[in-house]
Every structure is written in C-alpha cells, then in structure tokens.
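For reference, the chains in residue letters:
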Amino acid sequence: EGVVGFDRIISMLNVYDDDLVVDAKAIYSLEKFIVARRIMYWQVYLHKTALAAEHLLVHILKRAKELALEGKELFGTPVLKEFLYNKYDKKAFEKQPDLLDKFALLDDYDLTASIKVWMNHEDKVLSELCKRLINRRLYKILIQEKPFSTNEIKKHQAQAIKTGIDKKHIDYFVFTGNIQNNAYNPKKDKINMLFKNDDIKDVAEAADLLNISALSEQVKKYFLCYVE
C-alpha cells in the first residue's frame with residue numbers, strides 16, 4: 001500500500017510560465033500517487049491507534065500547560081519549561097526570532113523523559129494520562145460518518161466516572177472531534193500537467209481515472225475517544 005514512483009515524478013517536474021508543472025508523461029505515476037495518498041491517510045496517518053495516541057499526547061500537554069500556568073512545579077527540560085510556563089503567540093515569535101530556535105530544539109526526547117516523570121505527579125489527571133501513554137493503554141476510539149449523539153457521549157462519560165474519574169475533569173477522558181481528508185485539493189495543492197502542445201490541464205481533468213475528481217472531495221468523519 002502507498003508505493004509511489006517518486007523518482008519518475010521528480011524527473012518529470014518542469015517550469016512553464018514561471019509555474020511548476022509536471023510533464024504529461026508522468027500522468028499515471030501521479031494517478032497512483034493520489035490514490036496511494038488516500039489509502040495511506042485512512043489506513044496509516046488517520047488510523048484509530050494513531051489518532052488515539054495523538055490525542056492522548058495532546059491532552060497530556062494541555063493538562064501540563066494548565067498546571068504550569070497555575071504555578072505548579074513540573075519536571076521538564078529547559079526548553080520544554082520555556083513553553084510550558086510562558087504564553088507565546090504568533091506576535092511573540094515575530095518579535096523574538098530566538099523563540100523559533102528554541103522551539104526547534106523540542107523533540108520526543110524532551111517529551112518522553114518528562115512524561116515518564118509526570119507519571120508520578122500529584123495531579124491525578126496528568127498522572128493518569130501519562131501512565132496510559134507510557135503503558136500503551138490508549139483511549140478507546142470509535143469512528144463513524146455522522147456526529148455522535150449526546151446520549152452516547154453521556155453513556156461513556158458515566159462509565160468513565162465509575163472508574164474513578166472526577167466529573168469536572170471528564171473532558172480529558174471522554175471527548176469527540178472530527179477528522180478530514182481529501183487526497184487531492186485542486187484549489188490548494190493544484191497539480192498542473194504540461195502536454196506537448198503546451199496545453200496545461202489540472203491532473204483531475206487530465207487523468208484517465210474518473211475517481212481522481214472524486215478523491216478531490218473532502219471526506220469528514222467523526223470520532224469519540226473514551227476510557228474504560
């Protein structure tokens with residue numbers, strides 16, 4: 001799944017009227033690339049396990065940030081503490097160019113080391129979330145085509161509360177969201193094909209595969225994360 005002939009695509013890149021184009025000879029390689037991209041998104045990048053792990057990490061950092069801004073002591077490398085204990089927006093990065101250098105120093109080593117220590121933090125929410133990530137007890141996750149009903153959300157919230165989760169922190173353990181994907185967006189990621197007669201066509205128009213146009217349509221799905 002997801003095998004792409006990128007060497008041929010790169011070799012077929014060209015410039016026409018100051019725009020990047022692809023020679024028409026690469027049309028079949030591009031068709032396979034777009035189809036492979038759709039497959040990889042739903043089977044790998046947006047896979048249930050990947051989503052559950054990603055949102056668990058996001059909620060860990062969200063809780064750590066809340067505690068830090070409340071003045072609670074948290075273990076962390078100097079660069080991680082820089083961003084936990086301070087509020088930086090886009091303007092701050094524009095005024096302080098060194099912030100971007102500091103941010104670039106952040107990696108999984110900073111986070112993993114800190115999360116292992118936070119497993120024993122006095123804050124029960126942070127501690128529980130960290131233990132779940134380190135021990136691979138990820139959120140359970142459901143994915144469907146339409147939004148989840150309030151009743152179903154409340155059902156999972158009630159089950160989580162029975163396990164000892166404080167009701168006021170339930171949003172860390174039961175929550176909903178959505179994921180979106182379109183393998184090819186002609187408005188944002190336009191791929192122009194250059195033909196021998198100097199005609200320029202969008203790949204969706206030029207492709208033999210009728211479903212390339214269909215793949216340009218955005219697909220939206222809804223997920224529900226919860227704990228047991």
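Residues numbered from 1 in each chain as written. Predicted model: local features only at pLDDT ≥ 70, side-chain atom pairs only at ≥ 80, totals over all residues. Heavy atoms only, no water.

## What to know about the packing of aromatic side chains
Link 1 in the chain: In total, this model carries seven aromatic pairs according to the counting rule given.
Link 2 in the chain: Look at Phe 93 and Phe 103: their rings are 6.4 Å apart centre to centre, the planes differ by 85 degrees, and that puts the pair in the edge-to-face class. Here the residue Phe 93 occupies a position in helix H5 (residues 90-95), and Phe 103 occupies one in helix H6 (residues 98-105), the gap between them amounting to 10 residues.
Link 3 in the chain: Grouped by ring-pair contacts, the aromatic residues Phe 83, Tyr 88, Phe 93 and Phe 103 constitute a single cluster.
Link 4 in the chain: Looking at Lys 62, its charged tip hangs above the ring of Tyr 172, at a distance of 5.5 Å from the centre. (Phe/Tyr/Trp six-rings, centres within 6.5 Å; stacked < 30°, edge-to-face > 60°. Helix = DSSP H or I, 4+ residues; strand = E, 2+ residues; numbered from the N terminus. Lys NZ or Arg CZ within 6 Å of the ring centre and 35° of its normal.)

## Overview of the pattern of salt bridges
Link 1 in the chain: For the coordinates displayed, the defined rule picks out nine salt bridges.
Link 2 in the chain: Here Glu 70 makes a salt bridge to Lys 72, at a shortest N to O gap of 3.6 Å.
Link 3 in the chain: On the basis of relative accessible area, Lys 72 is assigned to the partly exposed category, the value being 35%.
Link 4 in the chain: A salt bridge links Asp 98 to Lys 102; the shortest N-O distance between them is 3.9 Å. On the criterion of helical spacing, the pair formed by Asp 98 and Lys 102 is a turn pair, its members being four residues apart in helix H6.
Link 5 in the chain: The network of salt bridges with shared partners includes Arg 63, Glu 66 and Asp 123. (Salt bridge = Lys/Arg side-chain N within 4 Å of Asp/Glu carboxyl O. Buried < 20%, exposed > 50% of the residue type's maximum accessible area, 1.4 Å probe, protein only.)

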